[in-house]
Each structure stands twice: as C-alpha cells, then as structure tokens.
Amino acid sequence: MVRNVASEFLELEPEDFYLLSGIEHGMRFSRWVDREKVTEFSRLDPEEVDYRLDRCEDRELVERKTVHYQGFRLTFEGYDALALRAFTERDTIRGFGAPLGVGKESDVYEVQSYKPLALKFHREGYTNFREVRREREYTSEHRHVSWFYTARKAAEREYEALEAVYPEVRVPRPIDQNRHAIVMEKLPGVELSRAELDQGQVVGVLDLVLRELTAAYRAGYVHADMSEYNVFVDTDGVTIFDWPQAVPTDHENADEFLRRDVANLMRYFRRKYPQRMDEEDADAVAAAIRADEFDTVRAFR
C-alpha cells in the first residue's frame, strides 16, 4: 500500500509543487532526473532546489540515487500529491477522508466536495510491473514504461469508458481525472463477493448484472475484467465498477472478452449458489448480449 499523503499535502508550499512538477517532466526523458536538470525543469534557483529536495525527500515524495550522476525521481506519494493539487485547484475536492478500499492495483479514499465522493489512485505496476506491462495493451507498444505512465494510462482508459457508458449503465458517475487518479461518485451497497443473497434474489441479481453488460455493449464497451469483485449490490440494483481494462466493442478481442466476462459471472454464481443454478452456455448468453437480445436467453431460468 502506498502511504496516504493527505496530511503532508497540507504542509506543502507552491515551490514544492514546482519541484515535483519539474521532476515529473524530467521523468518523461529518463528514469532518474539529473540534479542539474531538476533546476532547469522546475525553474527554481539551485539553492531553492536543494532546500525543496530535502523537504520533499523527508516527506518521501521524491527519492534519490547515485548512478553516473545524482538522480531524482518521484515516488507514488509524490505523484499523488500532484494529482491532489490539480483536483483542489479545480475545486473538484475540498477535503480528504478515510480509505474505502485498498487493492493491488488501486487505492480508493472518500473525499469531500458538494457531497462525499470517491478518489481512486491507480497503482498498476507498483507491485508487479512486469506482469501488468505484459497484460495491458496500453503499455505493450512501449519498451521503456514507468509505473506512472502505466497508472496514468489506466486512469485515462477507465475514465474514458465511464464517460462513454454513463448513465445508460449503472457505473460510478465520473467527476474528474488527473494523472493516475479519478474522482467519481461514491458507491452504495456491498461487494457481490461479500453479499449473502437470499435464495429468491440469486437469479434476479445475476440477471441485473448481465443486463448492465448488455447496456454497456450497446453503449460501445466491454468491461473485460468482470468478476464478483467488480459489482456492488444495493437495494436499488447493481453497480459495475473498475473499468481500466475495458475495450471498445470494435476491438479485435472484444467478443472473446465479453464471453470471458459472462463465463466468470456464471462460474461464480454456480459455485456459490449451486442449488439455484442450472447449466447455461456462456457462449449463447454472450451472443445474445452482442445481438441485444438478452431477454430471449434469460440466463438460469
């Protein structure tokens, strides 16, 4: 888990952000930014850079390494601070709250605005960079890719998908995006993996999820990472979240991803509620979704 920088954020001064932005810019060209280049990119004088580097290093926002030169780079905490700065300057968020969820590929916090919202920091590549590079197509064409680039592209991909499918699909309403972070509507309910459904609810909940996948396909997207961990259940229905791997329906592998999404959901429901689940062909359900004829299949009737 990357450390929460909200408390340090309040102590940072404009010159600290000039420094962090300068290092961020330098990291576009090299993994470690030469000390002399930090001065150039941040547009601070050398003495100010030394002072700011010490301040930011003490707060674990930057790290240094001696290679053939003394180099600096942002930590994920430093990247978080830059995204928070952008959101506060836009008045997107006004306060920082408690964690809502921490995973391998994201950290989610409650934030305050006109109402409580959710702030999601993407962490793709932070713990298993090689695997993410191999699996995520938005990194595969680049030989030299940083954690920050991978996380930023994931956030951009997710935000683009949310904007495309909302409100036709029940997803968190997208509010704002900067770098590797997204501000979105805070979700009600409980994760499907932790929900204990009554026997009379099982078929209905699966039906609702598949209907949302149908609506997403109609809106031009396939989720491509569906599981019981990406669905919230509440009294009003279901909400589907975590869309960084989503692909447009004209993607060459869209049909394969849709079939996998459907199969994953059916497999989960069969495993947890075997007494209610009849065998059903995932291919037939996926084909019905593609044809916008899901009502003719009515999975698990």
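Residues numbered from 1 in each chain as written. Predicted model: local features only at pLDDT ≥ 70, side-chain atom pairs only at ≥ 80, totals over all residues. Heavy atoms only, no water.

An unreviewed UniProt entry lists the protein under the name non-specific serine/threonine protein kinase, with Halomarina halobia given as the organism. As recorded by UniProt, the Sequence similarities (unreviewed entry) comment attached to the protein reads in full: "Belongs to the protein kinase superfamily. RIO-type Ser/Thr kinase family." (UniProt positions renumbered as here; feature names shortened; annotations may be inferred.)

Peer 1: Pulling in residues and values, what's your account of the overall build of the protein?
Peer 2: Per the secondary structure count, the protein includes eleven helices and 13 strands. With 301 residues in all, the protein has 52% of them scored as buried. Accessible surface, the protein as shown: approximately 14,700 Å² in total, 45% of it carbon and sulfur. (Helix = DSSP H or I, 4+ residues; strand = E, 2+ residues; numbered from the N terminus. Buried < 20%, exposed > 50% of the residue type's maximum accessible area, 1.4 Å probe, protein only. Areas by Shrake-Rupley, 256 points an atom, 1.4 Å probe, with all protein chains shown as cover.)

Peer 1: Which residues make up the sheet that holds strand S1 (residues 33-34), and what are the values?
Peer 2: Ordered by their spatial adjacency, three strands build an open sheet running S1-S3-S2, and the pairing between neighbours is antiparallel. Looking at which strands have only one partner, the edges of the open sheet turn out to be S1 and strand S2 (62-66). Inspection of the sheet shows S1 paired to strand S3 (residues 70-74) by two bridges, in the antiparallel sense. The residue of S3 that forms the bridge with Val33 is Phe72. (Pairing = 2+ DSSP bridges.)

Peer 1: Lay out the pattern of salt bridges with the relevant residues and their values.
Peer 2: In total, this model carries 29 salt bridges according to the counting rule given. Between Asp292 and Arg218 there is a salt bridge, with its nearest N and O atoms 2.9 Å apart. Linking Asp292 in the segment after helix H11 (282-290) with Arg218 in helix H9 (residues 202-218), this pair joins segments that are 74 residues apart in sequence. (Salt bridge = Lys/Arg side-chain N within 4 Å of Asp/Glu carboxyl O.)

Peer 1: Tell me about the nonpolar core, and please be specific about residues and values.
Peer 2: Judged by nonpolar contacts, the single largest core of 43 residues is most densely connected at Leu192, Leu197, Leu210, Trp243, Val262, Phe269 and Ile289. Among residues more than four places away in sequence, those in contact with Ile289 are Leu210, Leu213, Thr214, Tyr217, Leu258, Val262 and Phe294. Ile23, Ala81, Leu117 and Ala151 belong to the second largest nonpolar core, which has 35 residues in total. (Core = buried A, V, L, I, M, F, W, Y, C linked by side-chain atoms within 4.5 Å. Contact = heavy atoms within 4.5 Å.)

Peer 1: Go over the pairing of S2, please, and point to the residues and values.
Peer 2: Of the pairings in the sheet, the one linking S2 to S3 comprises five bridges and is antiparallel in character. For Lys65, the partnering residue across the bridge sits in S3 and is Gly71. Here S2 hands over to S3 after three residues, the two strands then running antiparallel side by side.

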